[in-house]
Amino acid sequence: MRMMIQAMRKTGQLSASFRDPSGFLFTDNGILYRQINRAYSLDYARLMDSGLYAKLVKANLLIPHVETDQLPAQSDAAFKVIQPEQVAFISYPYEWSFSQLKDAALATLSIQKRALKLDMSLKDASAYNIQFVRGKATVIDTLSFEIYKAGEPWVAYKQFCQHFLAPLALMAYRDVRLSQLLRVYIDGVPLDLVSGLLPAKTKFNFGLLTHIHIHAGAQKRYSDRVAAPRKGGLSKQALTGLIESLENTIKKLIWKPAGTEWGDYYENTNYTDAAFEHKKQLVKEWSAEKKPALVWDLGGNTGVFSREAASSGAYTVSFDIDPAAVEQNYRTVKTKKEQNILPLVLDLTNPSPALGWDHSERDSFGARGPVDMVLALAVIHHLAISNNVPLPQLAEFFASHCRRWLVIEFVPKSDSQVQKLLTSREDIFPNYTREGFESAFSSSFIIQRSESVRDSERTIFLMEAR
Amino acid sequence: MHFAPLPYLDPGSGSMIIQIAIAVLLGLGVALRASWGGIKKYFGVKPKPEDEDDDSGDA
């Protein structure tokens, strides 16, 4: 968990987990541990003894852990140290497609329902507590549970609405790209903002009317008031009703990936089936030969080539700028029950920055690398020509994310896709040639192999980082 | 609103108030459904199997 290591502060405590007094994450010798503080001992005991832990782990809803003899990082407060299963790649909600966020929301509610049955409750419902583990939305914060106190409302209700319901409603009813508001608002999208952005027809949807519109109004009305507790409190039945209402509202939110820019990209390519198959075969061969543990497919579209890399056993993160392609990719992961492919939305020309307190709560895209192998297929012309990045800078970019292997496709100017990019603009790229490309990349990489893609003017290179 | 012990995240006064109002309303629905199930059972209608424990959050 390199990102965690980079986000570490002097105390040994990882800065992504500083808020919760129940415990925190720390690393020792590259292994990730979670210290549980004495303040949390009763809740932890209930989680383990009630059978909730076993039930949730079995359903792939909670990350498994083992209790260890590892010395705590802050011994005065310590109760226990646990070692959670390591997550292959940490991703954030603003990198997820619609269905990924929706599944994360439903997983959270499913956990809360199961917890309530065993007299526990989620004390926070942050989308950042969810990671995709073996293809499924899983809570990674073992300390998210507390003993349920009869009569009490759900303390994480507001957080759930801001982290999940609000962005999902915006994506479904307004525009799927509004998921990017999660990048601006680290504790979820403010409900008054969402209420204003949603179309008026959402007021006729009972769930959105109550959990978003009326909720936003109530927040404003009671913003400076400390309310007195209700006598008798809230029955568990009522609380279950609330959770089920959120669940039904979210299940009904639908987004279809049709109609976006590149949703049907593979139907619009200029290369033949033979070229496509040849590319697949090369990626498969080279990943089988080099056996990378972690692969990033940059510009992975719907994940066709990611799957070839993943077939060698590599955990493959398939990034694409197009939410429709990522959505399609994720649906394939679900249908085929694939465990080692993670589709994510990412704009390579403006990748995820470090966010949050002191820039250390959420790691940047780059800080989560470098990885063993990077795939850059049919992407270089978008970066070099559409985004005007000079080839030497592109080489540096790939070198910084690539620990060892780079599989990169050079698309020459004569290629019809590049011609298309050049029709509406001046050709200011005299060095964009195969020779220019090879010489720019040679400073950071050794070219091991180059293969002309059958039936095309393109070339695929296997390079090793210097 | 005061709960003991206080949660470590601010649940928001307005959010708590509206949650209680919505939950009470929806709780009535849950109660009605439960009693309707009881009535049906009394007349020999088999209840549908509960599948909630099998769903894994990816519905």
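Predicted, not measured: the structure shown is a model, and the values here were computed from it.

How should the packing of aromatic side chains be read in this particular structure?
What describes a pair of aromatic rings is the distance from one ring centre to the other and the angle between the planes of the rings. Residues and elements named next belong to chain A. Throughout the structure, instances matching the rule amount to 23 aromatic pairs over all chains. Taking 5.7 Å as the distance between ring centres and 35° as the angle between the ring planes, the aromatic pair formed by Tyr-92 and Tyr-94 counts as tilted. You can call Tyr-94 buried: its relative accessible area is 1%. A cation over a ring is seen here: Arg-362 above Tyr-128, with NZ or CZ 3.9 Å from the ring centre.

Any chance you could explain the domain arrangement of chain A here in plain terms?
By a frequent convention, interface size equals the accessible area lost on bringing the separate parts together. All names here are of chain A. In terms of domain boundaries, chain A breaks down into domain 1 (1-255) and domain 2 (265-465). In this assembly, domain 1 packs against domain 2 so that about 3100 Å² is buried in total across both faces, 54% of it on carbon and sulfur atoms. When residues of domain 1 are sorted by the area they lose upon contact with domain 2, Phe-89, Glu-95 and Arg-183 head the list and together hold 23% of the total. Between the two partners, domain 1 and domain 2, sit two salt bridges. A salt bridge links Arg-368 to Glu-95, with the nearest nitrogen and oxygen atoms 2.6 Å apart. Applying the counting rule to domain 1 against domain 2 returns twelve residue pairs in polar contact (both at pLDDT 80 or more).

Explain unusual backbone geometry to me, please; I cannot follow it from the model alone.
Glycine aside, a negative phi is what most residues show, and trans is what most peptide bonds show. Residue and element names in this part refer to chain A. A cis amide bond, omega -5°, links Gly-369 with the succeeding residue Pro-370. By the element assignment, Pro-370 lies in the loop between β11 (341-345) and β12 (371-376). Residues other than glycine seldom take positive phi values, yet Asp-455 does so here, at roughly 60°. Of note, Asp-455 is situated in the loop between β14 (445-452) and β15 (459-465). Among the residues examined, Asp-455 registers a relative accessible area of 55% and is labelled exposed.

What is the right way to look at the packing of helix α8 (residues 206-221) of chain A against helix α9 (residues 236-251) of chain A in this model?
Two packed helices can be described by the angle between their axes and the distance between those axes. All names here are of chain A. With their axes 9 Å apart at the nearest point, α8 and α9 run at an angle of 115° to one another. Seen along the crossing, α8 lies across α9 with a hand that is left-handed. Where α8 abuts α9, its residues Gly-207, Leu-208 and His-211 lie against Leu-242, Ser-245, Leu-246 and Thr-249.

I'm lost on the sheet that holds strand β3 (residues 65-68) of chain A in this one. Help?
Residues and elements named next belong to chain A. Here we have four strands laid out as an open sheet, ordered β1-β2-β4-β3, and antiparallel in their pairing. The open sheet terminates on both sides in strands that have one partner only, identified here as β1 (23-28) and β3. Ignoring which end each strand starts from, the neighbouring axes of this sheet average 35° apart. Examined bridge by bridge, strand β2 (residues 31-37) and strand β4 (residues 78-84) share four bridges and lie antiparallel to one another. Bridging across to β4, Arg-34 finds its partner in Ile-82. Each of β2, β3 and β4 is contacted by helix α2 (residues 41-49), which is oriented at about 45° to β4, the strand it contacts most.

Hey, could you run me through the packing of helix α4 (residues 98-117) of chain A against helix α5 (residues 157-173) of chain A in this one?
Residue and element names in this part refer to chain A. Between α4 and α5, the shortest axis-to-axis distance is 10 Å and the interhelical angle comes to 145°. Along this stretch, α4 crosses α5, giving a crossing that reads as left-handed. Contact residues: Phe-98, Leu-101, Lys-102, Ala-104, Ala-105, Thr-108 and Leu-109 in α4; Phe-160, His-163, Phe-164, Pro-167, Leu-168, Met-171 and Ala-172 in α5. Residues of the contact of α4 with α5, tallied by class, amount to eleven nonpolar, two polar and one charged.

Sorry, what's going on with the sheet that holds β15 of chain A here?
Strand pairing in a sheet relies on backbone hydrogen bonds, with the paired strands running either antiparallel or parallel. All names here are of chain A. Across the sheet, which stays open at both edges, the seven strands sit in the order β11-β10-β9-β12-β13-β15-β14 with mixed pairing between neighbours. A strand with exactly one partner marks an edge of an open sheet, and here the two such strands are β11 and β14. For this sheet, the mean inter-axis angle between neighbouring strands, taken without regard to orientation, is 15°. Docked against the sheet, helix α10 (residues 273-290) engages β12, β13 (402-410), β14 and β15, running at close to 145° with respect to β14.

The rules behind the values
- Residues numbered from 1 in each chain as written.
- Chains lettered and ligands numbered in written order.
- Predicted model: local features only at pLDDT ≥ 70, side-chain atom pairs only at ≥ 80, totals over all residues.
- Heavy atoms only, no water.
- Phe/Tyr/Trp six-rings, centres within 6.5 Å; stacked < 30°, edge-to-face > 60°.
- Buried < 20%, exposed > 50% of the residue type's maximum accessible area, 1.4 Å probe, protein only.
- Lys NZ or Arg CZ within 6 Å of the ring centre and 35° of its normal.
- Domains from an automatic or database assignment.
- Buried area = accessible area lost by both parts, 1.4 Å probe.
- Salt bridge = Lys/Arg side-chain N within 4 Å of Asp/Glu carboxyl O.
- Polar contact = N/O pair within 3.5 Å; in protein donor to acceptor, adjacent residues only side chain to side chain.
- Helix = DSSP H or I, 4+ residues; strand = E, 2+ residues; numbered from the N terminus.
- Axes fitted to C-alpha atoms, helices over the stretch in contact; angles between N-to-C directions.
- Left-handed = near helix turned anticlockwise from the far one by under 90°.
- Contact = heavy atoms within 4.5 Å.
- Pairing = 2+ DSSP bridges.
- Nonpolar A, V, L, I, M, F, W, Y, C, P; charged D, E, K, R; others polar.

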